[in-house]
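# An overview of the molecular structure
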Amino acid sequence: QVQLVESGGGLVQPGGSLRLSCATSGSIRIINTMGWYRRAPGKQRELVATISQGGFTNYADSVKGRFTISRDNAMNTVYLQMNSLKPEDTAVYSCTAYILAVDTQKWDDYWGRGTQVTVSS
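Residues numbered from 1 in each chain as written. Predicted model: local features only at pLDDT ≥ 70, side-chain atom pairs only at ≥ 80, totals over all residues. Heavy atoms only, no water.

One pass over the full model with this rule turns up 2 aromatic pairs. Geometrically, the ring pair formed by Y98 and W107 is stacked, given 5.1 Å between the ring centres and 25° between the ring planes. Take Y98: its relative accessible area is 32%, and that puts it in the partly exposed class. The ring of Y79 is capped by R19, whose NZ or CZ atom sits 4.1 Å from the centre of that ring. Directly above the aromatic system of W111 lies the positively charged group of R45, at a separation of 4.1 Å from the ring centroid. (Phe/Tyr/Trp six-rings, centres within 6.5 Å; stacked < 30°, edge-to-face > 60°. Buried < 20%, exposed > 50% of the residue type's maximum accessible area, 1.4 Å probe, protein only. Lys NZ or Arg CZ within 6 Å of the ring centre and 35° of its normal.)

Right under this line is the structure:
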């Protein structure tokens, strides 16, 4: 069984920084694209950033220049460095990964439960 667990969320003042981590575990054969999404109160879930197995990245316009996604393929972990945080970045941040599982021998999207990020003074 595949699991994704996020960590690193919390309360930060505007202009501050946070680093989110997402560790994967379980019967994983290959991890392809990994990414972060967020859902703010009363809004739909939106893409924050993705990173391919080879390191190609994609960002939402709202976070370009402030957020950096990275991954450690040896540790099956994806990170999101968030700088210059704004109140509108407040949301539950969830990680996702496209994984070929050993037990099912199928590719599927897997999700973590999310971590709360609150930007407030």
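Enumeration over the complete set of coordinates arrives at 4 salt bridges. Note that D61 is salt-bridged to K64, the shortest N-O span being 3.1 Å. You can call D61 exposed: its relative accessible area is 64%. The network of salt bridges with shared partners includes R38, E46, R66 and D89. (Salt bridge = Lys/Arg side-chain N within 4 Å of Asp/Glu carboxyl O.)

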